[in-house]
Amino acid sequence: YVYDQTTGYGQVQEDTIIQSVVENSIAANLALQADDIIKSIIINGQEYTIKRYFEIGDILLTVRADDVIAVKYVRDGNTLQTADYQVLSTDLSAIG
């Protein structure tokens, strides 16, 4: 929980740590690895800060074929960004 004295409000924040990466998944195509900490997801140039794990699923439900995504993450204490990846329709088959 992070409290902001200026506004008088707070919010829950947690690290979103990748537990594992499935072969041929979007995460694998982005070269993400287990133990990477996701900080934000960029979809078509719009950056979405990740403060809680469930936000990842909510954001990914908006992704469509031909969208371009990237991820900002922390690995071994360094903040990095993946290369852009254009989503294929076959990447979305597991979603629905």
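Structure's up top.
Notes on the structure follow.

Here is what the cut-offs are and how they apply
Residues numbered from 1 in each chain as written. Predicted model: local features only at pLDDT ≥ 70, side-chain atom pairs only at ≥ 80, totals over all residues. Heavy atoms only, no water. Helix = DSSP H or I, 4+ residues; strand = E, 2+ residues; numbered from the N terminus. Buried < 20%, exposed > 50% of the residue type's maximum accessible area, 1.4 Å probe, protein only. Contact = heavy atoms within 4.5 Å. Salt bridge = Lys/Arg side-chain N within 4 Å of Asp/Glu carboxyl O. Patch = residues over 30% accessible without salt bridge, like charges linked within 9 Å, V, L, I, M, F, W, Y side chains within 5 Å. Areas by Shrake-Rupley, 256 points an atom, 1.4 Å probe, with all protein chains shown as cover.

1. Focus: the overall build of the protein chain
Assigned secondary structure in the protein chain consists of two helices and eight strands. Reading the helices (α) and strands (β) of the protein chain from amino to carboxyl end gives β-β-β-α-β-β-α-β-β-β. Across its three principal axes, the protein chain shows a C-alpha extent of roughly 45 × 30 × 20 Å. Taken over 96 residues, the protein chain has a buried fraction of 29%.

2. Structural notes on the environment of Ile42
You can see Ile42 is positioned in strand β4 (residues 37-43). Its relative accessible area of 12% is what places Ile42 among the buried residues. Taking the C-alpha atoms as reference points, Ile42 and Val22, 20 residues apart in sequence, are found 20 Å from one another. Ignoring sequence-local partners within four residues, the contact set of Ile42 consists of Glu47, Val68, Ile69, Ala70, Lys72 and Gln81.

3. Quick word on the pattern of salt bridges
Considering all chains together, one arrives at three salt bridges under this definition. Its salt-bridge partner being Arg75, residue Asp36 comes within 2.7 Å of it at the nearest N-O pair. Here Asp36, found in the loop between α1 (26-29) and β4, pairs with Arg75, found in strand β6 (residues 68-75); they are 39 residues apart in sequence, far enough to count as distant. For the pair formed by Asp36 and Arg75, the shared burial category is buried. A salt bridge links Lys72 to Glu47, with the nearest nitrogen and oxygen atoms 3.4 Å apart. With Lys72 in strand β6 and Glu47 in strand β5 (residues 46-49), this pair connects stretches of sequence that are 25 residues apart.

4. So, a nonpolar patch on the surface
A cluster of nonpolar side chains, Tyr1, Tyr3 and Val12, forms an exposed patch at the surface whose accessible area comes to about 360 Å². Following the sequence through the fold, Tyr1 ends up in the segment before β1 (2-4). The exposure class of Tyr1 is exposed, given its relative accessible area of 65%.

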